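# Fold and geometry: a report
Read off the chains here:
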Amino acid sequence: QHHKKAGAMNALVRVSAVLTNAPFMLNLDCDHYINNSKAVREAMCFLMDPQTGKKVCYVQFPQRFDGIDRHDRYANRNTVFFDINMKGLDGLQGPVYVGTGCVFRRQALYGYEPPKRPKRPKMVSCDCCPCFGSRKKQEKYKTGAEGDANANLPGYEDDQELLMSQMNFEKKFGQSAIFVTSTLMVDGGVPPSSSPAALLKEAIHVISCGYEDKTEWGTELGWIYGSITEDILTGFKMHCRGWRSIYCMPKRPAFKGSAPINLSDRLNQVLRWALGSVEIFFSRHSPLWYGYKGGKLKFLERFAYVNTTVYPFTSLPLLAYCILPAICLLTGKFIMPTISTFASLFYLALFLSIFATGILELKWSGVSIEEWWRNEQFWVIGGVSAHLFAVIQGLLKILAGIDTNFTVTSKTVDDEDEFSELYTFKWTTLLIPPTTILIINIVGVVAGISDAINNGYQSWGPLFGKLFFAFWVIIHLYPFLKGLMGRQNRTPTIVIIWSVLLASIFSLLWVRIDPFVIKAKGPDTKKCGINC
């Protein structure tokens, strides 16, 4: 219970430092296995590179999974993220840390900054040309040297800094002389004079939870505490110190793991990720305001980290966009401007630019259209369910201190099929918002077509535009509908009841408010009667 995965990883970092102190570490989740025996060697090619290796904090591999259905109904492979976004970040300051499949440099986890490049030697000048220096600077330098006899001794300032840092070592790393000594050994290894019994005793000491009290573990060192997505925070802190990371994509996947193929489990996984992003957004480590000192985090890299924390909030406009088509069909109004207006041309240019960007990304990354479309579908499904709940739960936790947990009640299904879990229904409140949106849009389609049939042919033209947007929402939610039906094509009763109830309440409220209708002002019939 000590900070979950982050606390366990920090304990393992200290124990391994005392026992073996290898300069590099491989981090894998418990459900992952090594699929490529040469993967670690490929990581070493980056970390031990004589030109840039010293500034690399970790080498991140893409996540690949076993046991996913052929069509990847719920976008478990995350192909767009791992094959497009992460490759793009590799051209900036490096990919984000995703929690597994990563080889770390131990020194980077200790809060150290990357080594600086040696400065170019200053040109010696005879002072005969003003372009190569001035006498005033030399005289000032000479005066400073006379004031402090030790100032020009080689390494004097470094010794002073080392002395001050040694005084803070115990406050930073904890009360263990053996462990503190290991942090200074850049190339790893343990002192030859250490006995195995002494090292084992020290390992038991540093693995305890109380060892971290009044130290910087979890705040500046190791895996960072304060969010259920500790991986994003840990990588972000390293990039803020000036380190860069590398994305390594060997042809044979380096590591493979398992992913939840069930709809409810997948939504709860996305909820946990989104909730962690919301926590980071409201914390002191938010990329919006943290890490500006020193200017070591590149602007575009910061922009990418901001994106990883604000994406759950896109659920609010996404929810509005998914409901508006049904409102247009139910009220007979249309929200889109006519094609002759400047606004339509602006929207058309915007959509074409997004479309062109998507085509270029697909061609550059090699991601198939089917994989890209599955990712788009689940972005909508997760946006109106898990991301929305994450924003609500995060705000409740930050503002009111209410910690709400959305748990899944599992129902076992006896089936020998390999993908039987894909069709298993597990109740969760995350299923209600997408089902409600589906019902509202289907009701809107029926109402719009019925109204067009009653009003004649002249009403069919405007109807097609409204139907397009409604069907666009329904098509995006189609994998969710299939998962809701299960193998028996039967939706659970409780989901139908809640969704119909919410859809009815929303429709009645909208009819009562009716914001599209202009309220006519006239005389008060109560005063003048029927003859007014």
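All residue numbers here refer to positions counted from 1 along the written sequence of the relevant chain. Side-chain atom pairs in this predicted model are given and counted only at pLDDT of 80 or more, local residue features only at pLDDT of at least 70, and totals for whole chains, interfaces and linings cover all residues. For the side-chain quantities, the full set of heavy atoms in the structure was used; hydrogens and water were omitted.

### A short note on the overall build of the protein chain
Comment: elements are numbered from the N terminus, with helices defined as DSSP H or I runs of at least four residues and strands as E runs of at least two. Helices and strands together make up the secondary structure of the protein chain, namely 19 helices and seven strands. The 532 residues of the protein chain split such that 41% are buried. Working rule for contacts: check all heavy atoms of both residues, and any pair within 4.5 Å makes them a contact. In the protein chain, 80% of the contacts between residues at least 6 apart in sequence involve partners at least 24 apart. A 1.4 Å probe and the Shrake-Rupley method give the accessible areas. Residues count as covered only by the protein chains that appear here. Total accessible area computed for the protein chain in this model is approximately 30,900 Å², and 63% of it derives from carbon and sulfur atoms. Burial here depends on accessible area, computed with a 1.4 Å probe over protein chains only, as a share of the maximum for the residue type. Under 20% is buried, over 50% is exposed, and the range in between is partly exposed.

### A closer look at the confidence of the model for the protein chain
With 75% of its residues at a pLDDT of at least 70, the protein chain reaches an overall mean of 79. In the model, residues 128–153 has pLDDT below 50 throughout and makes twelve contacts with residues more than four positions away in sequence or in other chains. Looking at any residue, its pLDDT shows the predictor's confidence there, from 0 to 100. This model gives residues 406–415 a pLDDT under 50, and the stretch forms 22 contacts once residues within four places in sequence are excluded.

### Considering the packing of helix α12 (residues 315–331) against helix α14 (residues 369–400)
Where α12 contacts α14, the two axes come as close as 9 Å, and the packing angle between them is 130 degrees. Between α12 and α14, the crossing angle belongs to the class labelled oblique. Crossing handedness for the pair α12 and α14: left-handed. Contact residues: S315, L316, L318, L319 and C322 in α12; W379, V380, G383, V384, H387, L388 and V391 in α14. By the convention adopted, Pro, Cys, Tyr, Trp, Phe, Met, Ile, Leu, Val and Ala count as nonpolar, Lys, Arg, Asp and Glu as charged, and the other residues, Gly among them, as polar. Considered class by class, the residues forming the contact of α12 with α14 number nine nonpolar, three polar and no charged. For helices, the fitted line uses only the C-alpha atoms of the stretch in contact; every axis is such a line through C-alpha atoms, and the angle between N-to-C directions lies from 0 to 180 degrees. Oblique is the label for any angle not covered by the other classes, which are roughly parallel (under 35 degrees), roughly antiparallel (over 145) and roughly perpendicular (65 to 115). Helix crossings are classified by the rotation of the near helix relative to the far one: an anticlockwise turn of less than a right angle makes the crossing left-handed, while a clockwise turn makes it right-handed.

### Remarks on a nonpolar patch on the surface
Exposure above 30% relative accessible area and the lack of any salt bridge qualify a residue for a patch; like charges then connect within 9 Å, and the nonpolar side chains Val, Leu, Ile, Met, Phe, Trp and Tyr within 5 Å. The term salt bridge refers to a side-chain nitrogen of Lys or Arg lying within 4 Å of a carboxyl oxygen of Asp or Glu. Where nonpolar side chains cluster on the molecular surface, the patch consists of F342, L345, F346, Y347, L348, L350, F351, L352 and I354 and spans about 960 Å² of accessible area. The topology assignment puts L345 in helix α13 (residues 342–365). Relative accessible area serves as the criterion here: at 49%, L345 is assigned to the partly exposed category.

### Quick word on the nonpolar core
Within the largest apolar cluster, 45 residues are counted, with the highest numbers of intra-cluster contacts made by Y58, F104, F179, W223 and M238. If you tally residues by element for this core, the top one is helix α1 (residues 4–19), at six residues. Excluding residues that lie within four positions of it along the chain, W223 makes contacts with A6, M9, N10, V13, N27, Y97, F104, L109, G218, E230 and T234. In terms of nonpolar packing, the next biggest core, distinct from the first, is built from 34 residues, I327, F378, F389 and A470 among them. Put simply, buried Ala, Val, Leu, Ile, Met, Phe, Trp, Tyr and Cys residues joined by side-chain atoms within 4.5 Å make one nonpolar core.

### Details of the sheet that holds strand β7 (residues 255–258)
The mixed open sheet is built from three strands, whose spatial order is β2-β7-β4. On the outer flanks of this sheet lie β2 (33–34) and β4 (64–66), each paired with one strand and no other. Criterion used throughout: strands pair if DSSP finds at least two bridges between them. As paired strands, β4 and β7 are joined by three bridges and run parallel to one another. In the strand pairing of β7, R64 is matched with K256.

### Description of the sheet that holds strand β1 (residues 24–27)
Across the sheet, four strands lie side by side as β1-β5-β3-β6; this open sheet has mixed pairing. The open sheet has two free edges, formed respectively by β1 and β6 (244–247), since each of these has just one partner strand. Adjacent strand axes in the sheet meet at a mean angle of 20 degrees when their direction is disregarded. Pairing analysis gives four bridges linking β1 to strand β5 (residues 102–105), with the strands arranged antiparallel. Bridging from a neighbouring strand, L26 pairs with V103 of β5.

### Quick word on the UniProt feature "binding site: UDP-alpha-D-glucose" (unreviewed entry) in the protein chain
According to UniProt, the feature "binding site: UDP-alpha-D-glucose" (unreviewed entry) maps to K4 in the numbering used here. As for its position among the elements, K4 is in helix α1. By relative accessible area, which is 58% here, K4 ends up exposed. UniProt positions are given in the numbering used here, feature names are shortened, and annotations may be inferred rather than shown by experiment.

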